[in-house]
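Survey of secondary and tertiary structure
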Amino acid sequence: MIDILVDITLFTFLAIMAVAIVRMRNLFAVVMMFSIFSLIAAGLFVIMDAGDVAFTEAAVGGGISTVLMLAALGLTRSREEKPATRRSWLALLVVTVTGAVLVYGTMDMPAFGDPNAPAHQHVGPRYIEQGQQETGVPNLVAAVLASYRGFDTLGETAVIFTAGMAVLLLIGKHARRRRKAADEGSSE
Amino acid sequence: MKHHLVLRVVAKFVTPLILLFALYVQFHGDYSPGGGFQAGVIFGAGFILYALIFGLDAARTVAPVSVLRFAAGLGVLIYGGTGVLSLLRGGEYLNYNVLAADPIAGQHLGIIMIELGVGITVASVMMIIFFTFAGREQS
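So, here is what we can say about the structure in this document. Computed from a prediction, not measured in an experiment: that's the story for all the values here.

Turning next to the overall build of chain A. Secondary structure assignment for chain A yields eight helices and zero strands. Moving toward the C terminus, one meets the helices and strands of chain A in the order α-α-α-α-α-α-α-α. Expected size for 188 residues packed as a compact globule is a radius of gyration near 16 Å; at 23 Å, chain A overshoots this value by more than 25%. When the backbone C-alpha atoms are referred to their principal axes, chain A occupies close to 70 × 50 × 30 Å. If you take every contact in chain A between residues at least 6 apart in sequence, the share linking residues at least 24 apart comes to 42%.

Moving on to the environment of Leu49(B). Residue and element names in this part refer to chain B. Within the element layout of this structure, Leu-49 appears in helix α2 (residues 36-54). Since 19 C-beta atoms lie within 10 Å of it, Leu-49 is described here as partly exposed. When the C-alpha atoms of Leu-49 and Leu-20 are compared, they prove to be 14 Å apart, with 29 residues separating the residues in sequence. When neighbours within four sequence positions are excluded, Leu-49 is seen to be in contact with Ala-11, Thr-15 and Ile-18.

Looking at the element boundaries, Val41(B) is found in helix α2. Taking the number of C-beta atoms within 10 Å as the measure of exposure, Val41(B) has 25 and is therefore buried. Between the C-alpha atom of Val41(B) and that of Gly119(B), which follows or precedes it by 78 residues, the distance is 7.9 Å. Setting aside residues no more than four positions away along its own chain, Val41(B) makes contact with Ala59(A), Val60(A), Gly63(A), Ile64(A), Val122(B) and Met126(B).

Quick look at α2(B) now. All names here are of chain B. With 19 residues, α2 should cover 27 Å at 1.5 Å per step; its first-to-last C-alpha distance of 27 Å lies within 8% of that length. Burial analysis of α2 places 16 of its 19 residues in the buried class, the great majority of the element. Of the residues flanking the end of α2, it is Gly-55, one or two places downstream, whose phi is positive at about 95°.

Turning to helix α7 (residues 150-171) of chain A, a few remarks are in order. Residue and element names in this part refer to chain A. Between its first and last C-alpha, α7 extends 32 Å over 22 residues, near the 32 Å set by a 1.5 Å rise per residue. Burial in α7 covers these residues: Gly-150, Thr-153, Leu-154, Thr-157, Ile-160, Phe-161, Gly-164 and Leu-168. Across the axial projection of α7, the buried residues extend over an arc of 125°, all falling on one side. Every exposed residue of α7 that faces more than 90 degrees away from the buried side is listed here: Phe-151, Asp-152, Gly-155, Val-159, Ala-166, Leu-169 and Leu-170.

This next bit is on the packing of helix α3 (residues 51-73) of chain A against α2(B). Close contact between α3(A) and α2(B) brings their axes to 10 Å; oriented N to C, the two are set at 30°. Here α3(A) lies roughly parallel to α2(B), going by the angle between them. Crossing geometry of α3(A) relative to α2(B) is assigned as left-handed. Along its contact with α3(A), which presents Phe55(A), Thr56(A), Ala59(A), Val60(A), Gly63(A), Ile64(A) and Val67(A), the element α2(B) presents Phe37(B), Gln38(B), Val41(B), Ile42(B), Gly44(B), Ala45(B) and Ile48(B). Its residues placed into classes, the contact of α3(A) with α2(B) shows ten nonpolar, four polar and no charged.

Another point: the nonpolar core. Ranked by internal contacts, the top residues of the largest apolar core, which has 54 residues, are Val41(B), Met126(B) and Phe130(B). Elements with a contribution of two residues or more to this core: α3, α6 (140-148) and α7 of chain A together with α1 (5-27), α2, α4 (65-88) and α5 (103-138) of chain B. No other element matches α5(B), which puts 15 residues into this core. Looking at this core, you find at least three residues from each of domain 1 (1-80) and domain 2 (128-188) of chain A. The residues touching Phe130(B), leaving out its near neighbours within four places in the chain, are Val67(A), Leu68(A), Ala71(A), Ile48(B) and Ala51(B).

Further remarks concern the packing of α1(B) against α2(B). The relative placement of two packed helices comes down to the angle between their axes together with the axis-to-axis distance. All names here are of chain B. One can describe the packing of α1 onto α2 by two numbers: an axis separation of 8 Å at closest approach and a directional angle of 165°. The pairing of α1 with α2 is recorded here as roughly antiparallel in orientation. The way α1 lies across α2 gives a crossing that is left-handed. Of α2, the residues touching α1 (which contributes Leu-7, Arg-8, Ala-11, Thr-15, Ile-18, Leu-19, Phe-21, Ala-22, Val-25 and Gln-26) are Gly-36, Gln-38, Ala-39, Ile-42, Phe-43, Ala-45, Gly-46, Leu-49, Tyr-50 and Ile-53. Partitioned by chemical class, the residues of the contact of α1 with α2 number 14 nonpolar, five polar and one charged.

Criteria and thresholds
Residues numbered from 1 in each chain as written. Chains lettered and ligands numbered in written order. Predicted model: local features only at pLDDT ≥ 70, side-chain atom pairs only at ≥ 80, totals over all residues. Helix = DSSP H or I, 4+ residues; strand = E, 2+ residues; numbered from the N terminus. Rg over C-alpha atoms; globule rule 2.2 N^0.38 Å. Contact = placed C-beta atoms within 7 Å. Buried ≥ 20, exposed ≤ 12 C-beta atoms within 10 Å, placed from the backbone. Expected span 1.5 Å × (residues − 1). Arc of directions from axis to C-beta. Axes fitted to C-alpha atoms, helices over the stretch in contact; angles between N-to-C directions. Parallel < 35°, antiparallel > 145°, perpendicular 65-115°, else oblique. Left-handed = near helix turned anticlockwise from the far one by under 90°. Nonpolar A, V, L, I, M, F, W, Y, C, P; charged D, E, K, R; others polar. Core = buried A, V, L, I, M, F, W, Y, C linked by C-beta atoms within 7 Å. Domains from an automatic or database assignment.

As far as function goes, none of this settles anything; it's purely spatial.
In structure tokens, the structure reads:
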């Protein structure tokens, strides 16, 4: 009972945040709202007993991405220009129909935590039954991420590494110096 | 933000706690929620807080980008190297069972090593991205 109450409260806050983000024009406030949005989402994950996901959501969505967006805001203006107010009924219709279809699609989804759901029928049971003996790691999520799905995690790490290197190559100090040299060379 | 005394005092107090918590999340990931990725992000966040309050130059003195670049590569190398090590010891790539005398100890060792690799890479990449973005403002 209390779970449902907390769920409803958090989802209401989530919806309020989403509407506020859309309506706001001050980008600084929007970034803060995004941070709160992530924090509420992390709270929802905690209720679903997904501690690891909640942790990531709070750290990445609520923390790092907020700071990165603030850093990006420092390079641009912090106010969004007001869009031309023009009511388009066609757009509203498309959005409503798409939303209705998506909601209709969720009707066929298995209930939350249903043991017979297809997602829980594949390799999940084996991990749960054997994971403890095979890896000796109490946190099953860590066992799956690091051991059973080690290749995936290696790929993720490589992706993060690539992202960092891409940022360095595009706007890092060396890239800037080289571009400057190229500009000077072409102007001569 | 040199003139915000309250922020400076609080940040000075909180930063070591954040870094300590990141290490806890890193090495306790086998037993509780958390792991290399989360720990790396928290560790990076600690440094970013320091940079926000005490200035980019102070943070870059503690963690120069050249070191971070090296660390980002080192993390992936540790991860991949663990796989190569298990190959050399006669198992499949990233099969930790062969890393130690008995499979459970091997799994434990392997998971700790690759989580360490993930943590190092994630922390240094987060710092690299922030330092590069924030460094553009000054120029």
